[in-house]
Protein chains: 4
Amino acid sequence: MQLGMVGLGRMGANMVRRLIKAGHQCVVYDVNPQSVADLVAEGAIGAATLPEFLGKLDTPRAVWLMLPAAITTRIALELADQMQPGDTLIDGGNSYYRDAVDLAAQLSPKGINVVDVGTSGGVWGLQRGYSLMIGGNKDAVQRLDPILAALAPGQDGSGATPGTTDTASQGYLHCGPTGSGHFVKMVHNGIEYGLMAAYAEGINILKAANAGEHARDADAETAPLHDPQYYQFDIDLAGVAEVWRHGSVISSWLLDLTAGALRGDPTLANFGGKVSDSGEGRWTLRAAVETGVPAPVLSSALFARFSSRDNDEFANKLMSAMRFAFGGHHEKS
Amino acid sequence: MQLGMVGLGRMGANMVRRLIKAGHQCVVYDVNPQSVADLVAEGAIGAATLPEFLGKLDTPRAVWLMLPAAITTRIALELADQMQPGDTLIDGGNSYYRDAVDLAAQLSPKGINVVDVGTSGGVWGLQRGYSLMIGGNKDAVQRLDPILAALAPGQDGSGATPGTTDTASQGYLHCGPTGSGHFVKMVHNGIEYGLMAAYAEGINILKAANAGEHARDADAETAPLHDPQYYQFDIDLAGVAEVWRHGSVISSWLLDLTAGALRGDPTLANFGGKVSDSGEGRWTLRAAVETGVPAPVLSSALFARFSSRDNDEFANKLMSAMRFAFGGHHEKS
Amino acid sequence: MQLGMVGLGRMGANMVRRLIKAGHQCVVYDVNPQSVADLVAEGAIGAATLPEFLGKLDTPRAVWLMLPAAITTRIALELADQMQPGDTLIDGGNSYYRDAVDLAAQLSPKGINVVDVGTSGGVWGLQRGYSLMIGGNKDAVQRLDPILAALAPGQDGSGATPGTTDTASQGYLHCGPTGSGHFVKMVHNGIEYGLMAAYAEGINILKAANAGEHARDADAETAPLHDPQYYQFDIDLAGVAEVWRHGSVISSWLLDLTAGALRGDPTLANFGGKVSDSGEGRWTLRAAVETGVPAPVLSSALFARFSSRDNDEFANKLMSAMRFAFGGHHEKS
Amino acid sequence: MQLGMVGLGRMGANMVRRLIKAGHQCVVYDVNPQSVADLVAEGAIGAATLPEFLGKLDTPRAVWLMLPAAITTRIALELADQMQPGDTLIDGGNSYYRDAVDLAAQLSPKGINVVDVGTSGGVWGLQRGYSLMIGGNKDAVQRLDPILAALAPGQDGSGATPGTTDTASQGYLHCGPTGSGHFVKMVHNGIEYGLMAAYAEGINILKAANAGEHARDADAETAPLHDPQYYQFDIDLAGVAEVWRHGSVISSWLLDLTAGALRGDPTLANFGGKVSDSGEGRWTLRAAVETGVPAPVLSSALFARFSSRDNDEFANKLMSAMRFAFGGHHEKS
């Protein structure tokens, strides 16, 4: 089958590679000509402009956008202007699901299908396949099946849960109308934040298991550590992450990656501890709040990222100012 | 090798079965004679009393306790009274790590080794092997190696993280002095609570993705749902859990189990939603607090369980009482 | 000065009463004729329809809406259709600040001012005065000063913080352009949720200070309470709330109300513990999330309300289902 | 009445001053002779050593300790060695309530009473009086009544909640047996942390209300701010804090202090944002966890302090390491 890909960053380029490997034809475009040239060298058909890109696609066209969320809608509308009834625009990026809902409503009168595909797998997707969460009308999604099947992991080592009759066990699933793919992917990422923070907090507690080896200040403002004899452990964090990978209840792919990172450098000196967030965690929380669903774990994980980037600074200053005001407490240097 | 097992509940009995299958000799005791008889029928050597149990063990003895945390120390001391220098007591239950530290200090003058083994794997351990986190002095732990290796998964499908040189990749790890095994297991369970809650919250948000299909009360006290058009999705929760198992960043063993549970009954009608906690989550939080490590995700997960059992009831009544006092707001029925 | 009031519920009616008492003229309207009649009996000028209401107001009109958020915009637009350049619409309800921003943008071409007034004080405002947070253009707000001054507490027992030069110390403040009043009120309520939950959690902990008096189950799944001798206190909650009111760091008006509620009935038997939320807490959280500000306390307080209404039920069932799947754990009845 | 005071720091010295002013006789001791001399100049009777101190007290002695938690028990035992049956030791510091329970158990055979007094009021207590939460046996506490009444605010502006028949409305309360005073004070501080964080988070959100005025990066990893037109407010934080002091639901003494701090310097440039915690918040959380009471707000407030001191650093590095491992994401500089 033929697919057009717009946006050849880390994700887009690898998806093209996986499709080519599976025997599909890919027409590709990026604002950076070198990105296009690289993939042409690997078997893709390149285009220097969006009109040229559209011209090289057979109708009904299938155009996959793998772009930053901030520009996806603009490019989608620019493309749609030159597309025809029956064509399909696929948004595979980290877009807000509402943008997909809105885009579908806007392009529906023109007969252009909008399919949104939430895509998980990161830099490993090229090799492992991508987990795909798909929204859109049934026919449009059905038509893309060969592409979706090739991008997904297919039959992998994880097997199928008994009772599964759809494509989910091959790693792709039609979740509902346009927007539902990104909605499911959004929540996926919200969960991802929670899982990551759970491991991170736990391992940070293990790291502190030797707190009793060092005396702690005991002044008027700080309580001493009771019973330091219970905090005398120097835990090999990489070893623990590794042992948990085998037979424990908390084994997971994120733990595999964590074990690898800690084995590489137990001090993680290459990282400063400013954790980015890309939008989905925020949107997940907004959905929770608007629908009245408690999400204390997912929100705590998101806020930890905000705090890691010092967005809590003024709040902290306020608390110190209050402490000074009622108790004359100075901050410790 | 020979091992004595005291406590033949779900966990203890299966561990004996796994050891017998691996060719080890097991002497077993339980307050329930039927539990003993069952395992004798499968090849274990039974004992009707603790003295008889100790008498059937070769010295230096290796005695594994798989008992409720509440009685472990009592039974351990009762046994130790009749044990000899060089013998080893192993606590494999969900005990507080401090109890192991204290027990080791108490039994050290008698020359009795105390080894604590945090054990993860649940009812699946018989088949998958148990992830073992071990604390104790080096010699005592070394002597138990054949037993530990047999209980652990060994070479499983998860492979070894490059650079691993210890036994962690076979699923068991000597973590440090007595207490460290349970400490690591405690944190393991703390993380487990966080992971479980992350999935549960996320899937609960997916379940609410159709909130816009139903009108919401719009009275003086409740804000209406803005933009209900964005909450029109009826998500197949079992399908989503399944697709996430394949290639996504959040694939894990807990997700495998979740997919199975949702496939079996998407409404989970067999469960009432009163979630137990067994102590480790609480102890993890205490360790975090005492060592000054932030654990907002792990604590949120623990408190969600407390709330699921209605322990927040009086706090909620207080908030309603305040609302009534300042705003005349009545609770909705 | 003259003011028209639309919406004579708990808040609107009391505001009219306070204005009449201060010598202002009030024209009033409500869908419920009895509400109008009641206030006419207290000195207001009544109107049976919106056109009649508008007709009784001198131009430039000042029309205050005190309506449920869900219908405010609709009524505002209906009124604006019949209003003139220079007239002012004031939204004093619990509306979303974005609605005020949008309304101002929509009515600006017609020359109709939109002023939004966040109003705090609840049922006590009639007597204590209302704390007013005001958004709108300077002239429109300035023109309303006599009304705002009369609704606000004025010189109350709280004094003015040294350095205060504006009207804030009399309990009303022009916060910025239209929308800023409701924005500030929104955050006020977000904080309110946090304060209420802080007291509620703390007092719930005091209530549990006698946990050691009763034996706790000690089975395989539940850890016993260590050191029950430290939980032998039967705390008089009403007395504690009272003593904190006098000289403690946590004295507050909410604490005054809490002490009153507990003195009235320490068991709070009139309340079921289903705590409503009215929108502002949700919107506060959305603002935090969108601007990247950590708000773990405010979100925890909001989610506690959601959970009090059992919106966590499916998440809890999922956690129980996972526990059953990996450990064979049944829920306790 | 006569009282001996050991520990003349910020709190102890001011309590002596308040007692002298009320006509009581104070014998004082501190390791720092200058502290003793200062109070002697204000009317106290000084002592250069603990034996001299005890010798100057009439029996039955009343000895108040106002010391860092870390040394209170040691000094208490040193004093008790030289005290007589019927004497009373009072711990008014920020001690762990369990220390008081233990001390009482230890000194009970000697006939020495142990009374614990949780004391709130900070540097303002000299002028406003201290809120006192008292534990101990009835007779011992009753004997101290003149001292307690003088330290407490007495009849202050807050009035008495109708129905109050004990001393709580004068700002002191006998809460139960030894330990209960510190227990109640511990929870008081736990609540205090929650209140402070609620204000701090809310005001931090207000500070970000102008987020839409500045363009935000919109790269592949960061979602743009939707609808920046809704974040165009430059809020006068000091003004808002002031207006909330008058008639709003969230007025409180902490808000009074906050308004003062923001009026003094809206940027709080004198503070770095490293917020200390003194033990009670931790102990409150431990009590919540051990008794199964959900405390998401209080824990979030405590963890925010831990994070303000960068104790979350390793956890954050781990999350960045995971992001790099699965997505090739580099931290932003």
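Residues numbered from 1 in each chain as written. Chains lettered and ligands numbered in written order. Predicted model: local features only at pLDDT ≥ 70, side-chain atom pairs only at ≥ 80, totals over all residues. Heavy atoms only, no water.

An unreviewed UniProt entry annotates chain A as 6-phosphogluconate dehydrogenase of Devosia epidermidihirudinis. According to the UniProt record, the Sequence similarities (unreviewed entry) comment for chain A reads "Belongs to the 6-phosphogluconate dehydrogenase family." Taken directly from UniProt, the Pathway (unreviewed entry) text for chain A runs: "Carbohydrate degradation; pentose phosphate pathway." (UniProt positions renumbered as here; feature names shortened; annotations may be inferred.)

Let us look at the interface of chain B and chain A. Facing 92 residues of chain B, the contacting portion of chain A comprises 92 residues. Of the roughly 7500 Å² buried between chain B and chain A, counting both surfaces, carbon and sulfur atoms make up 66%. There are 2 salt bridges connecting chain B and chain A. Among the secondary structure elements, those contributing two or more residues to the side of chain B that touches chain A are helix 5 (97–107), strand 7 (131–135), strand 8 (172–176), helix 9 (180–207), helix 10 (237–244), helix 11 (253–264), helix 12 (280–291) and helix 13 (296–308) of chain B. With 18 residues, helix 9 of chain B is the largest single contributor of residues to the side of chain B that touches chain A. Residue classes in the side of chain B that touches chain A are distributed as 48 nonpolar, 28 polar and 16 charged. (Contact = heavy atoms within 4.5 Å. Buried area = accessible area lost by both parts, 1.4 Å probe. Salt bridge = Lys/Arg side-chain N within 4 Å of Asp/Glu carboxyl O. Helix = DSSP H or I, 4+ residues; strand = E, 2+ residues; numbered from the N terminus. Nonpolar A, V, L, I, M, F, W, Y, C, P; charged D, E, K, R; others polar.)

With that settled, the discussion passes to the environment of D:Ser180. Inspection of the secondary structure assignment puts D:Ser180 in helix 9 (residues 180–207). Sequence spacing of D:Ser180 and D:Val36 is 144 residues, and the spatial spacing of their C-alpha atoms is 31 Å. Beyond its immediate stretch of four places on either side in the chain, D:Ser180 contacts C:Phe233, C:Ile235, D:Asp116, D:Ile134, D:Gly135 and D:Cys175. At 2.8 Å, the side chain of D:Ser180 and the backbone oxygen of D:Pro177 are in polar contact. (Polar contact = N/O pair within 3.5 Å; in protein donor to acceptor, adjacent residues only side chain to side chain.)

The next thing to look at is the pairing of strand 7 (residues 131–135) of chain C. All names here are of chain C. The element strand 7 is largely enclosed, with a buried count of 5 among its 5 residues. The side-chain alternation of strand 7 yields two buried faces, one formed by Ser131, Met133 and Gly135 and the other by Leu132 and Ile134. As judged from the 5 bridges shared by strand 6 (residues 113–120) and strand 7, these two strands associate in the antiparallel manner. Paired with Thr119 across the bridge in strand 7 is Leu132. Where strand 7 and strand 8 (residues 172–176) come together, 4 bridges link them in parallel fashion. Bridged to Ile134 within strand 8 is His174. (Buried < 20%, exposed > 50% of the residue type's maximum accessible area, 1.4 Å probe, protein only. Pairing = 2+ DSSP bridges.)

A few words on the interface of chain C and chain A. Taken together, the 20 residues of chain C in the interface contact 20 residues of chain A. Taking both partners together, chain C and chain A bury about 1600 Å²; carbon and sulfur atoms supply 71% of that area. The three residues of chain C that bury the most area against chain A are C:Val289, C:Pro294 and C:Phe303, which together make up 36% of that side's buried surface. Joining chain C to chain A, the criterion identifies 2 salt bridges. We note a salt bridge from A:Glu290 to C:Arg286, for which the minimum N-O separation is 3.9 Å. Taken together, the connections running from chain C to chain A amount to 5 residue pairs in polar contact (both at pLDDT 80 or more). Of all the secondary-structure elements, those providing two or more residues to the side of chain C that touches chain A are helix 12 (280–291) and helix 13 (296–308) of chain C. Here the residues of the side of chain C that touches chain A sort into 12 nonpolar, 4 polar and 4 charged.

Overlay of chain B on chain A (RMSD 0.0 Å): rotation 180 degrees, translation along the axis 0.0 Å. Here the copies are linked by what is in effect a two-fold axis. It is B:Ser252 whose C-alpha, among those of chain B, lies nearest the rotation axis, at 1.9 Å. (Least-squares fit on C-alpha atoms with pLDDT ≥ 70 in both.)

Residues and elements named next belong to chain D. Extensive coverage of helix 5 (residues 97–107) is indicated by the burial of 8 of its 11 residues. Among the residues making up helix 5, those that are buried are Tyr97, Arg98, Asp99, Ala100, Val101, Leu103, Ala104 and Leu107. Buried residues belonging to helix 5 abut helix 4 (69–80), strand 5 (88–91), strand 6 (113–120), helix 9 and helix 12 (280–291).

Quick look at the sheet that holds strand 8 of chain B now. All names here are of chain B. Pairing is mixed across the open sheet formed by 8 strands, whose spatial order is 3-2-1-4-5-6-7-8. The sheet terminates laterally at strand 3 (45–46) and strand 8, the two strands that pair on one side only. Relative to strand 4 (residues 62–65), strand 1 (residues 2–6) is paired through 3 bridges, and the arrangement is parallel. Looking across to strand 4, one finds that Val6 is bridged to Leu65.

Core analysis: the largest hydrophobic core is formed by 271 residues, its most contacted members being A:Phe183, A:Trp244, B:Phe183, B:Trp244, C:Trp244, D:Phe183 and D:Trp244. Residues contacting B:Trp244, with those up to four places away along its chain left out, are A:Ser131, A:Met133, A:Val184, A:Val187, A:His188, A:Ile191, B:Ile203, B:Leu206, B:Ile250, B:Ser251 and B:Leu255. (Core = buried A, V, L, I, M, F, W, Y, C linked by side-chain atoms within 4.5 Å.)

Once chain C has been moved 0.0 Å along the axis and rotated by 180 degrees, it coincides with chain A to within an RMSD of 0.0 Å. Here 100% of the contact residues of chain C are again contact residues in chain A; the copies associate through an equivalent surface.

What follows covers the environment of C:Arg61. Residues and elements named next belong to chain C. Its location among the elements puts Arg61 in the loop between helix 3 (50–55) and strand 4 (62–65). According to the relative accessible area criterion, Arg61 is buried, its value standing at 10%. Between the alpha carbons of Arg61 and Ile112 there is a distance of 9.7 Å; along the sequence they are 51 residues apart. A distance of 2.7 Å separates polar atoms of two side chains, one belonging to Arg61 and the other to Asp87.

On to the confidence of the model for chain A, then. Overall, the prediction assigns chain A a mean pLDDT of 95, with 97% of residues at 70 or greater. For this predicted complex, the interface confidence reaches an ipTM of 0.95, while the overall pTM sits at 0.96. (pLDDT = per-residue confidence, 0-100.)

Here we come to the pattern of salt bridges. Scanning the model with the defined rule gives 56 salt bridges over all chains in all. A:Arg61 serves as the salt-bridge partner of A:Asp87, at 2.7 Å between the closest nitrogen and oxygen. Of this pair, A:Asp87 sits in the loop between helix 4 (69–80) and strand 5 (88–91) while A:Arg61 sits in the loop between helix 3 (50–55) and strand 4 (62–65); the two residues are 26 residues apart in sequence, bridging distant segments of the chain. As far as the burial class goes, A:Asp87 and A:Arg61 line up, both buried. Each member of the salt-bridge network shares a partner with another, and the members are A:Arg98, A:Arg286, A:Glu290, B:Asp227, C:Arg98, C:Arg286, C:Glu290 and D:Asp227.

Quick look at the environment of B:Pro228 now. Following the sequence through the fold, B:Pro228 ends up in the loop between helix 9 and helix 10. For the pair B:Pro228 and B:Leu254, spaced 26 residues apart in sequence, the C-alpha to C-alpha distance is 33 Å.

Among the structural elements, B:Ser169 can be located in the loop between helix 8 (145–151) and strand 8. When sequence neighbours within four positions are dropped, the list of residues in contact with B:Ser169 reads A:Glu242, A:His246, B:Gly154, B:Ala160 and B:Thr164.

Turning our attention to the sheet that holds strand 6 of chain D. Hydrogen bonds between backbone groups are what pair the strands of a sheet, and the pairing can be parallel or antiparallel. Residue and element names in this part refer to chain D. Read across the sheet, 8 strands follow the order 3-2-1-4-5-6-7-8 without closing on themselves; strand pairing throughout is mixed. Looking along the sheet, the strands with just one partner apiece sit at the ends: strand 3 (45–46) and strand 8 (172–176). Contacts between helix 5 and the sheet are confined to strand 5 and strand 6, with strand 6 contributing the most and set at about 160 degrees to the helix. (Axes fitted to C-alpha atoms, helices over the stretch in contact; angles between N-to-C directions.)

We describe a pair of aromatic rings using the distance from one ring centre to the other and the angle between the two ring planes. Evaluation of the coordinates by the stated rule reveals 40 aromatic pairs over all chains. Plain terms: the ring middles of A:Tyr97 and B:Tyr230 are 6.4 Å apart, the flat faces sit at 90 degrees to each other, and that makes the pair edge-to-face. Of this pair, A:Tyr97 sits in helix 5 (residues 97–107) while B:Tyr230 sits in the loop between helix 9 and helix 10, which puts the two residues in different chains. Residue A:Tyr97 shares its accessibility class with B:Tyr230, and that shared class is buried. Taking the centre distance of 4.6 Å and the plane angle of 25 degrees together, the rings of B:Tyr96 and B:Trp283 count as stacked. Here B:Tyr96 is found in the loop between strand 5 (88–91) and helix 5, whereas its partner B:Trp283 is found in helix 12, with 187 residues between them in sequence. An identical accessibility class is assigned to B:Tyr96 and B:Trp283; each is buried. One aromatic cluster is present, formed by A:Tyr96, A:Tyr97, A:Phe183, A:Trp283, B:Tyr230, B:Tyr231 and B:Phe233 through successive ring pairs. Cation over ring: C:Arg305 sits above C:Tyr193, and NZ or CZ is 3.6 Å from the ring centre. Residue placement shows D:Arg128 over the ring face of D:Trp253; its charged tip is 3.7 Å from the ring centre. (Phe/Tyr/Trp six-rings, centres within 6.5 Å; stacked < 30°, edge-to-face > 60°. Lys NZ or Arg CZ within 6 Å of the ring centre and 35° of its normal.)

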